[in-house]
Amino acid sequence: MTRPTERPAVTTPPTTDLDEATALRHQLADQLAAAGHIRTPSVDRALRTVPRHAFAPEVPLPAAYANDIVATRRSDDGTIISSISAPWLQADMLEAARIQPGHRVLEIGSGGYNAALLAELTGPTGHVTTLDIDPTVTERATRFLPQAGYHHVSVVTADAEHLPSTVVPDGGFDAIVVTVDTWDLPWIDALAEGGRLVAPLRLHGYHWAIGFTKGQGALHSDEPLIVCGFVAMQGDGAWNPNRRTIPGTGVHLSWEDGTPLSVEQLAPALDREPTVTRTDITVGGQEPFDLLTLYLAGALPGFCRLEVDPDGDNQVLHPPPRHWPAAAIVRGASLARLATERIGDGDNSKGRYEFVVHGYGDQGHVAAQEMAEQVEIWQRNHRGARCPLVTARPAADRAPAGPDHEPHVFAKKHTRITVDWPIVPGSTARPTALGSGDAG
């Protein structure tokens, strides 16, 4: 596939084996297209055109074109704080952005490569602004973009929480693409009516790349949510996990959305083995159940995420992986957490697992039953339905979330996020209004 002649020429450093880079680039695009991540000719052309290796000179050429992230900056403790995102996710988000020639586009989270892809999509009549809080990151973008032939991308160093008014075009951006984990969406006013915003939004610590369209001043999702992970937002928009440690147990609970509860009273609950409440609901060993956990996060008051230190002194059964804290709820001096229990090999020998709920404390079995009932509601009413719809409306004020639980509503600093769960066709459940509870 050839590039239109009006697009800027791409210059590759002379020390690079052009044939090898081109072959690897086309191989990667073929892989992404076969997997369904590339779905339009324009995104296909962009990924076959932009030299990814020009933005990742620190790694060998094959690594630059692997379908994986390329870490470009780390903190002193080794945490990745800037990277080139995995190509499959970039392709999905570019498709979701629906960028057309002539569009004015803002990228939040810079580095250069994705901005170059955006520039290919907007063409010579459009314009791309890429913004990052870290001057080291924007310096890279400022250096690499012209070297790769993209001279007209504007690179801005600023805190995205306080978007400079001078970068916002009259009428707003046609598209905003956020490439850092964000807990909130403070950019609604900077987006044109009918424009697209694609962002990896955090809801109780679950990360979803969501494509929104702005309509009547609010953002409305209209396509499947994509489970993802990005480097964390820095500056005033950085998220707070609201993490609490249960004394003497090595168990930590986080209320990233919602009001944190006291945890000191929970220590005795972890001194003995839990009760186990079965659900008879199963999942395959490689079958994702992220939508279930998002559903529980909205349905259950007191919802939190549970982590366990490897050397903690507690009776937590089957501690969750460190990279994936368990879904949990607190009820006074008791708590419950979602777990899975292997019950067989499954059809593909990858295992078959049953959802179970562990209850800790005198009333742990009651809390466990409450969570199990919500798992059953999800199974009966929502598991086979189309994807949930997410709406983000500007918050009426900047007050923190109150203690009262509103089902499937996440109160942020700048926005109020509601999640609407469609009903499985044929279910006896009554359709519910946006953000309301389930009929059960």
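So, a few notes on the structure that sits alongside this text.

### A closer look at the overall build of the chain
Thought 1: Of regular secondary structure, the chain possesses eight helices and 20 strands.
Thought 2: Taken over the C-alpha trace, the chain has a radius of gyration of 23 Å; the compact-globule value for 440 residues is 22 Å, and the two agree within 12%.
Thought 3: Principal axes of the C-alpha set define a box for the chain whose edges measure 70 × 50 × 45 Å.
Thought 4: Classification of the 440 residues of the chain by burial places 52% in the buried group.
Thought 5: Considering only contacts in the chain between residues 6 or more positions apart, those separated by 24 or more positions represent 62%.
Thought 6: Working note: accessible area of the chain is about 19,100 Å², and carbon and sulfur atoms make up 51% of it.
Thought 7: Counting 36 positive and 53 negative side-chain charges, the chain places the centres of these two groups 3 Å from one another.

### Details of the packing of helix H2 (residues 41-49) against helix H5 (residues 113-122)
Thought 1: At a minimum axis separation of 9 Å, H2 and H5 run at an interaxial angle of 135°. By the angle between their directions, the pair H2 and H5 is classed as oblique. Handedness of the crossing formed by H2 with H5: right-handed. Taking contact as the criterion, the partners of Ser42, Val43, Ala46, Leu47 and Thr49 in H2 are, on H5, Tyr113, Leu117, Glu120 and Leu121.
Thought 2: Across the contact of H2 with H5, the residue classes break down as six nonpolar, two polar and one charged.

### Observations concerning empty space enclosed by the protein
Thought 1: All told, the structure shown has four cavities of 30 Å³ or more when counted by the stated rule.
Thought 2: Reported here for the largest cavity is a volume of approximately 350 Å³.
Thought 3: What lines the largest cavity is a set of 31 residues, among which Ser82, Gly109, Ser110, Asp132 and Val180 lie closest to the centre.
Thought 4: Going through the elements one at a time, strand S2 (80-84), strand S3 (104-108), H5, strand S4 (127-132) and helix H6 (135-147) are the ones with two or more residues in the lining of the largest cavity.

### What about H6?
Thought 1: For H6, with 13 residues, the first-to-last C-alpha span of 18 Å sits near the 18 Å given by 1.5 Å per residue.
Thought 2: For H6, the N-terminal capping position is held by Asp134, with its side-chain oxygen 2.9 Å away from the main-chain nitrogen of Thr136.
Thought 3: Positive phi shows up at Gly149, right after H6, with a value of about 100°.

### Quick notes on the pairing of S3
Thought 1: For S3, the buried fraction is high: four of the five residues fall into the buried class.
Thought 2: Handedness of the crossover joining S3 and S4 through H5: right-handed.

### A look at the packing of aromatic side chains
Thought 1: According to the stated counting rule, one finds six aromatic pairs in the structure shown.
Thought 2: Judged by centre distance (5.3 Å) and plane angle (85°), the ring pair of Tyr295 and Trp421 falls under edge-to-face. Of this pair, Tyr295 sits in helix H7 (residues 290-299) while Trp421 is found in the segment after strand S20 (415-420), placing the two residues 126 residues apart along the sequence.
Thought 3: For Tyr295, a relative accessible area of 0% translates into the label buried.
Thought 4: Residue classification places Trp421 among the buried positions, given a relative accessible area of 6%.
Thought 5: The positively charged end of Arg305 is found above the aromatic ring belonging to Tyr206, 3.9 Å away from the centroid.
Thought 6: One Lys or Arg, Arg305, reaches over the ring of Trp324 and ends 5.2 Å from the middle of that ring.

### Considerations on the environment of Thr138
Thought 1: Considering the arrangement of structural elements, one finds Thr138 in helix H6.
Thought 2: Its relative accessible area of 4% is what places Thr138 among the buried residues.
Thought 3: Residues Thr138 and Gly298 lie 160 residues apart in sequence; the distance between their C-alpha atoms is 37 Å.
Thought 4: Ignoring anything within four residues of it in the chain, the contact list for Thr138 reads Asp132, Val155, Val156 and Thr157.
Thought 5: A polar contact of 2.7 Å, which involves the side chain of Thr138, links it to the side chain of Thr157.

### Observations regarding unusual backbone geometry
Generally, phi is negative for residues other than glycine and the peptide bonds are trans, each holding for most cases.
Thought 1: Of note in this structure, Asp280 is not a glycine but carries a positive phi near 65°.
Thought 2: Relative to the assigned elements, Asp280 resides in strand S13 (residues 275-284).
Thought 3: At His408, a residue that is not glycine, the phi angle is positive and equals roughly 60°.
Thought 4: Within the element layout of this structure, His408 appears in the loop between strand S18 (389-394) and strand S19 (409-411).

### Some remarks on the nonpolar core
Thought 1: Core analysis: the largest hydrophobic core is formed by 58 residues, its most contacted members being Ile176, Leu185, Trp187, Leu197, Leu296 and Leu338.
Thought 2: Broken down by element, the residue count for this core peaks at seven residues, all from helix H8 (residues 364-382).
Thought 3: With residues up to four places along the chain from it excluded, the contact list for Leu197 reads Ile176, Leu185, Trp187, Leu191, Ile210, Gly211, Phe212 and Leu219.

### Side note on the sheet that holds strand S16 (residues 334-344)
Picture the strands of a sheet paired through backbone hydrogen bonds; they go either parallel or antiparallel.
Thought 1: Strand order across the open sheet formed by seven strands is S11-S12-S14-S15-S16-S17-S13, with antiparallel pairing between neighbours. The outermost strands of the open sheet, each flanked by one partner alone, are strand S11 (243-246) and S13. The average undirected angle you get between the axes of adjacent strands in this sheet is 35°.
Thought 2: Pairing between strand S15 (residues 326-331) and S16: four bridges, direction antiparallel. Of the residues in S16, the one forming a bridge with Arg331 is Ser334.
Thought 3: On top of the sheet, H8 reaches S13, S15, S16 and strand S17 (352-360); it is set at about 20° to S13, its chief contact.

Reading the values: the criteria
- Residues numbered from 1 in each chain as written.
- Predicted model: local features only at pLDDT ≥ 70, side-chain atom pairs only at ≥ 80, totals over all residues.
- Heavy atoms only, no water.
- Helix = DSSP H or I, 4+ residues; strand = E, 2+ residues; numbered from the N terminus.
- Rg over C-alpha atoms; globule rule 2.2 N^0.38 Å.
- Buried < 20%, exposed > 50% of the residue type's maximum accessible area, 1.4 Å probe, protein only.
- Contact = heavy atoms within 4.5 Å.
- Areas by Shrake-Rupley, 256 points an atom, 1.4 Å probe, with all protein chains shown as cover.
- Lys, Arg positive; Asp, Glu negative; His and termini not counted.
- Charge placed at Lys NZ, Arg CZ, Asp CG, Glu CD.
- Axes fitted to C-alpha atoms, helices over the stretch in contact; angles between N-to-C directions.
- Parallel < 35°, antiparallel > 145°, perpendicular 65-115°, else oblique.
- Left-handed = near helix turned anticlockwise from the far one by under 90°.
- Nonpolar A, V, L, I, M, F, W, Y, C, P; charged D, E, K, R; others polar.
- 1 Å grid on protein atoms, 1.4 Å probe; cavity = no way out; pocket = protein on both sides within 12 Å on 5 of 7 lines; lining within 4 Å.
- Points joined across faces, edges and corners; volume = space filled by probe spheres on them.
- Expected span 1.5 Å × (residues − 1).
- Polar contact = N/O pair within 3.5 Å; in protein donor to acceptor, adjacent residues only side chain to side chain.
- Right-handed = clockwise from strand over helix to strand, strands pointing away.
- Phe/Tyr/Trp six-rings, centres within 6.5 Å; stacked < 30°, edge-to-face > 60°.
- Lys NZ or Arg CZ within 6 Å of the ring centre and 35° of its normal.
- Core = buried A, V, L, I, M, F, W, Y, C linked by side-chain atoms within 4.5 Å.
- Pairing = 2+ DSSP bridges.

In short, the description is geometric, and any link to function would need to be established separately.
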